[in-house]
Amino acid sequence: MASKLKQPQPLLSDLVSGMSSVPSNYIRPANDRPNFHEVVSFDGSIPLIDLQGLYGPKRSEIVKEIGLACLNYGFFQVSSHGISEAVINNMLDISRDFFHMPESERLKNYSDDPMKTMRLSTSFNVRTENVSSWRDYLRLHCHPLEDYIQEWPTNPPSFREVVGEYCRNARGLALRLLEAISESLGLEKDYIDKALGKHGQHMAINYYPPCPQPDLTYGLPGHSDPNAVTILLQDDVPGLQVLRNGKWVAVSPIPSTFIVNIGDQIQVLSNDRYKSVLHRAVVNCDKERISIPTFYCPSPDAMIGPAPQLTDTDSFTHYRNFAYSEYYEKFWNRGLTTETCSDLFKTSHP
Ligand code: OGA
Ligand code: NI
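Residues numbered from 1 in each chain as written. Chains lettered and ligands numbered in written order. Predicted model: local features only at pLDDT ≥ 70, side-chain atom pairs only at ≥ 80, totals over all residues. Heavy atoms only, no water.

### Structural notes on the pattern of salt bridges
Alright, step 1. Counted under the stated rule, the structure contains 10 salt bridges.
Alright, step 2. Of the charged contacts, one joins Lys 108 and Glu 105 as a salt bridge, the two residues approaching to 2.9 Å between their closest N and O atoms.
Alright, step 3. Glu 105 gets classed as buried once you look at its relative accessible area, which sits at 18%.
Alright, step 4. Residues Lys 330 and Glu 326 are paired through a salt bridge, measuring 3.7 Å at the closest nitrogen-oxygen approach. Taken together, the positions of Lys 330 and Glu 326, both in helix H8 (residues 324-334) and 4 residues apart, correspond to about one turn of that helix.
Alright, step 5. In this structure Glu 326 comes out as partly exposed when scored by relative accessible area, which is 30%. (Salt bridge = Lys/Arg side-chain N within 4 Å of Asp/Glu carboxyl O. Buried < 20%, exposed > 50% of the residue type's maximum accessible area, 1.4 Å probe, protein only. Helix = DSSP H or I, 4+ residues; strand = E, 2+ residues; numbered from the N terminus.)

Next up, the structure:
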């Protein structure tokens, strides 16, 4: 599959204007489509956790809530998270401005090499996939910021400043959540922090243009995230769906909140106590949509495996140890599939 020779794929945002049907390379097979009539829209289904008081007398209560959400859902939303509305709105605005720039300006950042630390691309991995997804995206590495910021786009002119400020804030929130998640597992609060080695932080700015036939394609097909934890900022256009009890549940955006989901590495560290849940993005006929996941991850050389404290007594070790770089390369090369990448690292037990 990887050896297939292809022309570089044009950006979707430059193809769509005036398009009345979806080009054939975006059409999913009939057994793998969004099936909108089967999607559940029940707003109360993903817990909303108020982080106000996380550093006060209510800490143990909030940590417990986070633990239950990780255990039972793998997904939750947070409010009173400490990131100001100005930082959030500036980030959304600059993202929109970036994707509205002329093609020639945006294309300066184009690459289809998934190992590049800064790139504008389209779909998921155009080098290996057979069916494309209705998405363009800019991917950035964000930590340590000073190592990467000079490779970011210089246009719009305030891009680096605005996005840098957002990244610092998102990292702060990620660290607070990782401590709480550690504690909720009964581990030292810095256990996950240490397990991630030097820490990595990546960000995608996903741009989903309106789509003439949203029932035939995905913005992103079902997948779990390969990193430790994801903090998703999105605009007010719905599109995210989460698999729960075998059904896709639509998550309606709530302004000024973030969606947090457990990624594969916390699933592994927690020895499967916490699940990295399948989710997907669907598109619609009328409105463009922007979503901005911060993928908080181990450093490439961090060795990841189940926490020994969670593998004793009656449970067993569900995964072998691996370097995160090994996991990450597998994730990008095999394409988004509903068998999560972590299955490849499972140990076999009677
Ligand atoms: C992702 C993702 C969801 C969305 O980029 O990994 O799951 O709503 N995005 O765009
Ligand atoms: Ni995802």
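Still more to cover.
### Let's talk about the side chain of Gln 77
Alright, step 1. With respect to the secondary-structure elements, Gln 77 resides in strand E2 (residues 75-79).
Alright, step 2. Within the local environment of Gln 77, its side chain forms a polar contact with the backbone oxygen of Ile 46, the two atoms lying 3.2 Å apart.
Alright, step 3. Excluding anything up to four places from it in sequence, Gln 77 contacts Ile 46, Pro 47, Leu 48, Ile 49, Val 251, Ser 252, Ile 254, Thr 257, Phe 258 and Ile 259. (Polar contact = N/O pair within 3.5 Å; in protein donor to acceptor, adjacent residues only side chain to side chain. Contact = heavy atoms within 4.5 Å.)

### Some remarks on the packing of helix H2 (residues 85-99) against helix H5 (residues 159-184)
Helix-helix packing is characterised by the crossing angle of the two axes and by the distance between the axes.
Alright, step 1. Taken N-terminus to C-terminus, the directions of H2 and H5 make an angle of 135 degrees; their axes are 9 Å apart at the nearest point. Between H2 and H5, the angle is such that the two are oblique. Regarding H2 and H5, the two cross each other, and that crossing is left-handed. Packed against H2, whose contacting residues are Val 87, Asn 90, Met 91, Ile 94 and Phe 98, the element H5 presents Phe 159, Val 162, Val 163, Glu 165, Tyr 166 and Asn 169 at the interface.
Alright, step 2. Its residues assigned to classes, the contact of H2 with H5 shows 8 nonpolar, 2 polar and 1 charged. (Axes fitted to C-alpha atoms, helices over the stretch in contact; angles between N-to-C directions. Parallel < 35°, antiparallel > 145°, perpendicular 65-115°, else oblique. Left-handed = near helix turned anticlockwise from the far one by under 90°. Nonpolar A, V, L, I, M, F, W, Y, C, P; charged D, E, K, R; others polar.)

### Points about the environment of Pro 153
Alright, step 1. You can see Pro 153 is positioned in the loop between helix H4 (145-148) and H5.
Alright, step 2. Residues Pro 153 and Leu 140, 13 residues apart in the sequence, show an inter-C-alpha distance of 9.6 Å.
Alright, step 3. If near-sequence neighbours (up to four positions away) are discounted, Pro 153 is found in contact with Phe 98, Asn 109, Met 118, Leu 138, Leu 140, Phe 159 and Arg 160.

### Observations regarding empty space enclosed by the protein
Alright, step 1. Within the structure shown, the criterion is met by 2 cavities of 30 Å³ or more.
Alright, step 2. Counted as a void, the largest cavity has a volume near 330 Å³.
Alright, step 3. Looking at the largest cavity, it is lined by 32 residues, and the ones nearest its centre are Leu 220, His 223, Asp 225, Pro 293 and Phe 295.
Alright, step 4. At the level of secondary structure, the elements contributing two or more residues to the lining of the largest cavity comprise strand E4 (136-143), strand E5 (200-208), strand E6 (220-223), strand E7 (229-234), strand E10 (258-262), strand E11 (279-281), strand E12 (289-297) and H8.
Alright, step 5. With 5 residues, the single largest contributor to the lining of the largest cavity is E12.
Alright, step 6. Looking at the lining of the largest cavity residue by residue, the classes come out as 19 nonpolar, 8 polar and 5 charged. (1 Å grid on protein atoms, 1.4 Å probe; cavity = no way out; pocket = protein on both sides within 12 Å on 5 of 7 lines; lining within 4 Å. Points joined across faces, edges and corners; volume = space filled by probe spheres on them.)

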